[in-house]
Amino acid sequence: MFKDRQSVASLLGATSAQSAIQICGWVRTRRDAKLFSFFEINDGSCLASIQAILDTDGETHIELKAIGTGAAVAVEGDLVESPGKEQKWEIRVTNMLLIGAAPADYPMQKKRHSDEFLRTIAHLRPRTNKFGAMFRIRSRMAFAIHQFFQEREFHYVHTPIITGSDCEGAGEMFRVTTFDLASVPKIDGAIDFGEDFFAKEAHLTVSGQLAVEPYCLALGNVYTFGPTFRSENSNTSRHVSEFWMIEPEIAFADLADDMDLAEEMVRYLIKYLRAHCADDLALFEKFVDKELTARLEQVEKSEFVRLPYTKAIDILRASGVSFEHEPTWGADLQTEHERYLTETHFRRPVFVFDWPKEIKAFYMRENDDGKTVAAMDLLVPHIGELIGGSQREERYDKLHRRIEENSLSHEDYWWYLETRRFGSAPHAGFGLGFERFLMFVTGVTNIRDVIPYPRTPKHLEF
Ligand code: 4AD
Ligand code: MG
């Protein structure tokens, strides 16, 4: 069906006129003049629409009259140089087919709609310029991520989505069960998970890290890139309950190597984006964030700051800024602190490393001071935390102690501990939140607008 059709992107990039071409797409606008009808047709292949001109000679076939904004059409005609200034090529239509009409109640008749409104029609918003651009960028960036790792001989590991362990230990997991919730089996008042599907408690993963580590200690450098889930009840513009994470894990490596890799990757992706998505990116610069190019250029060029957590606290305390939360050693950094460091004080990306062990996950490698762990967060302007990572505790005894200190059950982590008994080696990794990254490189301020169907507390449509 329509196998000979060409993409609008390829036609707009043509070097010469062509006869008898075919395209399929959706009408963005229609304008009727006395002898002609002008259609702007977009097929999703690129930001630009192509103009198709239908010679109606004063008469329009009844079916063609129904072709309005939103309709799906197939167009045959000749690609000719456009006399207009706005485009190089246009199509002189020889045949136009209405594939699917869009009646007058098509909700996107206007040129511009608010992000809030478009969120209520997430099934139609990819047909707007902005969301089309966003989801082409998202696709390209996913490809670039694979290319970055594959070029460096990393292996891609598919870690499971259903899991029996809580990687971050924060208890923010969605339960997976086939129990009839009206009659959950119990023994002495306690739920009998032995009767559940997996005969134990199961959850959606918050991170692929624990499952990818054994592969790092076998295949060397590896990465996983998949959906992760958090039942964290934070309704902010930077949190969603389902998001995608890129998690490399590198063998025979320490925290400095980990930061090197993160920095190289962020820079590579921005370079790739600017080289391959220039048109789509320009839309965000024009309508969303005027500072975008300047920020991306700055990140591409400047070296990232590497700042020990203790120093970060000193800088924040000496800043003279009255933060809502007072910066204190031992407490997590709040978004206001993160943004002060990266946007005001340093004005470039900042790695904060060597964090107090009490506020970090059990698997992070303890430093010699006994108080901190070899963890790092990458803070970037506009976002705050973009990446979280660490060197992993590879010493069996220390890891065993950390598991006990965190009251985790040996039953759930025996396999993880075993990787430290047999051929353990220093290794490190990080997680980059894909949606946060897309916000960072497009200037979009709400995470709900960088993922096709956002899932947030009390919100699960579609
Ligand atoms: O800092 P986090 O929790 O780190 C981990 O999960 C590690 N296991 C990663 C690793 O070392 N392999 O999460 C990593 C990143 C954050 O920096 C943030 O960008 C993103 O994941 N993230 C979220 N993005 C959107 N919505 C949420 N609720 C997020 N929670 C974390
Ligand atoms: Mg984190």
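Residues numbered from 1 in each chain as written. Chains lettered and ligands numbered in written order. Predicted model: local features only at pLDDT ≥ 70, side-chain atom pairs only at ≥ 80, totals over all residues. Heavy atoms only, no water.

(A) The arrangement of the overall build of the chain in detail. In terms of regular secondary structure, the chain is built from 13 helices and 18 strands. In terms of overall dimensions, the chain has C-alpha extents of about 85 × 55 × 45 Å along its principal axes. The 462 residues of the chain split such that 50% are buried. Here the contacts in the chain between residues at least 6 apart in sequence split such that 67% fall between residues at least 24 apart. (Helix = DSSP H or I, 4+ residues; strand = E, 2+ residues; numbered from the N terminus. Buried < 20%, exposed > 50% of the residue type's maximum accessible area, 1.4 Å probe, protein only. Contact = heavy atoms within 4.5 Å.)

(B) The sheet that holds strand β12 (residues 222–229), seen in detail. Spatially, eight strands are ordered β6-β12-β13-β18-β17-β16-β15-β14 in an open sheet, and the strand pairing comes out mixed. The two strands at the open ends of the sheet, each matched to only one other strand, are β6 (155–156) and β14 (305–308). With five bridges connecting them, strand β17 (residues 384–391) and strand β18 (residues 427–433) associate as antiparallel partners. When the bridges of β18 are listed, G388 appears paired with G431. In this fold helix α5 (residues 209–219) packs onto β6, β12, β13 (242–251) and β18, with an angle of close to 25° to the strand it touches most, β13. Taken strand by strand, helix α9 (residues 309–318) contacts β14 and β15 (350–356), and its axis lies near 90° from that of β14. (Pairing = 2+ DSSP bridges. Axes fitted to C-alpha atoms, helices over the stretch in contact; angles between N-to-C directions.)

(C) Inspection of the state of the cysteines at higher detail. A full pass over the atoms with the stated rule returns zero disulfides. Free of any disulfide, C24 has its nearest cysteine sulfur in C46, 15 Å distant. Of the residues examined, C24 reaches a relative accessible area of 16% and is grouped as buried. Lacking any disulfide linkage, C46 is separated from the closest cysteine sulfur, that of C277, by 12 Å. In this structure C46 comes out as buried when scored by relative accessible area, which is 15%. (Disulfide = S-S within 2.5 Å.)

(D) The packing of α9 against helix α10 (residues 335–345), seen in detail. In the contact formed by α9 and α10, the axes pass within 11 Å of each other and the chain directions differ by 80°. The angle between α9 and α10 places the two elements in the roughly perpendicular class. Seen from α9, the contacting residues are A312, I315 and L316; seen from α10, they are H337, Y340, L341 and H345. Its residues assigned to classes, the contact of α9 with α10 shows five nonpolar, two polar and no charged. (Parallel < 35°, antiparallel > 145°, perpendicular 65-115°, else oblique. Nonpolar A, V, L, I, M, F, W, Y, C, P; charged D, E, K, R; others polar.)

(E) Highlighting empty space enclosed by the protein. All chains considered together, the criterion is met by two cavities of 30 Å³ or more. Taken as a whole, the largest cavity spans an internal volume of roughly 40 Å³. One number sums up the size of the second largest cavity: a volume of about 30 Å³. Contributing to the lining of the second largest cavity are R230, E232, S234, H239, V240, S241 and P457. (1 Å grid on protein atoms, 1.4 Å probe; cavity = no way out; pocket = protein on both sides within 12 Å on 5 of 7 lines; lining within 4 Å. Points joined across faces, edges and corners; volume = space filled by probe spheres on them.)

(F) Spotlight on the site of ligand 1. Neighbouring residues of ligand 1: 25 residues in total, closest E168, Q209, R230, E247 and E385. Within the side chain of E385, an N or O atom sits 2.6 Å from an oxygen atom of ligand 1. In isolation ligand 1 offers 630 Å² of accessible surface; the protein chains occlude 94% of this area. Those elements that provide at least two residues to the shell around ligand 1 are β13, β17 and β18. The biggest single contributor to the shell around ligand 1 is β17, with five residues. Each residue belonging to the shell around ligand 1 can be placed in one class, and the counts come to nine nonpolar, eight polar and eight charged. (Near = heavy atom within 4 Å. Polar contact = N/O pair within 3.5 Å; in protein donor to acceptor, adjacent residues only side chain to side chain. Areas by Shrake-Rupley, 256 points an atom, 1.4 Å probe, with all protein chains shown as cover.)

(G) Spotlight on the pattern of salt bridges. Enumeration according to the criterion identifies 29 salt bridges in this entry. Note that E435 and R138 form a salt bridge whose closest N and O atoms lie 2.9 Å from each other. Pair noted here: E435 is in helix α13 (residues 434–442) and R138 is in helix α4 (residues 129–151), with a separation of 297 residues, a long-range link. The pair E435 / R138 is uniform in exposure class, with both members buried. Connected via shared salt-bridge partners are K357, E366, K398, R401, R402 and E405. (Salt bridge = Lys/Arg side-chain N within 4 Å of Asp/Glu carboxyl O.)

(H) Focus on the side chain of Q87. Considering the arrangement of structural elements, one finds Q87 in the loop between β4 (72–81) and β5 (89–100). Of the polar contacts made by the side chain of Q87, one reaches the side chain of S82; its length is 2.9 Å. Beyond its immediate chain neighbours, meaning those up to four positions away, Q87 contacts Q51 and S82.

(I) Molecular detail of the pairing of β4. Pairing of strand β1 (residues 18–32) with β4 involves seven bridges; the strand directions are antiparallel. Following the sheet pairing, G25 is matched in β4 by V73. Examined bridge by bridge, β4 and β5 share ten bridges and lie antiparallel to one another. Counted as the bridge partner of V75 is M96 from β5.

(J) Representation of the packing of aromatic side chains in the model. If you walk through the whole model with that rule in mind, you get 19 aromatic pairs. On the numbers, 5.1 Å between centres and 75° between planes, the contact of F148 with F149 is edge-to-face. For F148, a relative accessible area of 0% gives the class buried. For F149, a relative accessible area of 0% corresponds to the buried category. (Phe/Tyr/Trp six-rings, centres within 6.5 Å; stacked < 30°, edge-to-face > 60°.)

On their own, these measurements won't tell you what the molecule is for.
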